[in-house]
Amino acid sequence: MDDPSRTTDGITDVADLEAIYGAPVAASIIKETDRLHPLYAAFVRASTFVILATSGPGGLDASPRGDAAGFATVEDDKTLLLPDRRGNNRTDSLRNILADPRVGLLFLIPGIGETLRVNGRAEISVVPDLLDRFAVAGKAPRTVLVVHVDAVYFQCSRAVARAGLWDPAKHVARSSLPSNGEILEALSGGGFDGSTYDQALDGRVKTTLY
């Protein structure tokens, strides 16, 4: 019989949630550490892509970060260094960190199903020697995130396997979706030259990576 006291079909408390999902399996508890164990550090060093999640007064942000393997540096078992490469200068993530240092990182490695999750607190550094350590082709990042690690654990491969993320047969042709220029032109009400933007995009990306 339905409970007349319920005013929503959604989950409203932890007891309801646990009634549906049950207790965590033992491995999901064992895998979490409060530092970068050497076996976890190996995943960070092999990663070429990480999603940085932040929260601030303006809302939430999940921002992609990518570079050659090793761009995220394990300084020690409680500290990660992450250069902030050239982008669009919105600085949404950095503004959030100034207000709330808590961050979440999701590391991905091409061809690997497991991902690595790191939770911690970040600060934004402009120490010259630190910036110079991350220079590429003589170009240093404007800032480096220093992440103080609170929790680390791997995520099993189910999500990546379901998505077929690394399966070439499931890759989508870029031409099947609206181009960046088309989106900008539509959102500007026709006041933006999307065609010219698209024509220059590939070259602009290649020459402004760093």
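Before reading further, recall that the structure is shown in the block above.
The sections below set out a description of the structure shown in this document. The shown structure was predicted, so the numbers you read here are calculated from the model rather than taken from an experiment. Once a new chain begins, its residue numbering starts again from 1 and follows that chain's sequence as written. The predicted origin of the model limits local features to residues at a pLDDT of at least 70 and limits the giving and counting of side-chain atom pairs to 80 or more, whereas totals for whole chains, interfaces and linings rest on all residues. Only hydrogens and water are set aside when side-chain values are computed; all heavy atoms of the structure are taken into account.

Some thoughts on the sheet that holds strand 3 (residues 73–76)
Point 1. With antiparallel pairing, the 7 strands of this open sheet are ordered in space as 2-1-5-6-7-4-3. Lying at the two open borders of the sheet, with one neighbouring strand each, are strand 2 (59–66) and strand 3. Adjacent strand axes in the sheet meet at a mean angle of 35° when their direction is disregarded.
Point 2. Alignment of strand 5 (residues 102–108) against strand 6 (residues 115–125), held across 6 bridges, turns out to be antiparallel. When the bridges of strand 6 are listed, Arg102 appears paired with Arg121.
Point 3. Across the sheet, helix 4 (residues 92–99) is in contact with strand 1 (49–56), strand 2, strand 4 (79–84), strand 5, strand 6 and strand 7 (143–155); its angle to strand 2 comes to roughly 125°. In this description, strands pair whenever DSSP reports at least two bridges between them. Secondary structure counts use DSSP, requiring at least four H or I residues in a row for a helix and at least two E residues in a row for a strand, with both numbered from the N terminus. Fitted lines through C-alpha atoms give the axes, limited to the stretch in contact for helices. The angle between two N-to-C directions lies from 0 to 180 degrees. Pairs of residues are marked as contacts when any of their non-hydrogen atoms sit within 4.5 Å.

Regarding helix 4
Point 1. Exposure categories follow from relative accessible area, calculated using a 1.4 Å probe and restricted to protein chains: below 20% of the type maximum is buried, above 50% is exposed, and the middle band is partly exposed. Those residues of helix 4 not exposed but buried are Ser93, Leu94, Asn96 and Ile97. End-on, the buried residues of helix 4 take up no more than an arc of 160°, which puts them together on one face. More than 90 degrees from the buried face of helix 4, the exposed residues found are Arg95 and Leu98.
Point 2. Those residues of helix 4 that are buried lie in contact with strand 1, strand 2, strand 4, strand 5, strand 6 and strand 7. Each direction from the helix axis to a C-beta atom contributes to the arc, which is the arc of those directions.

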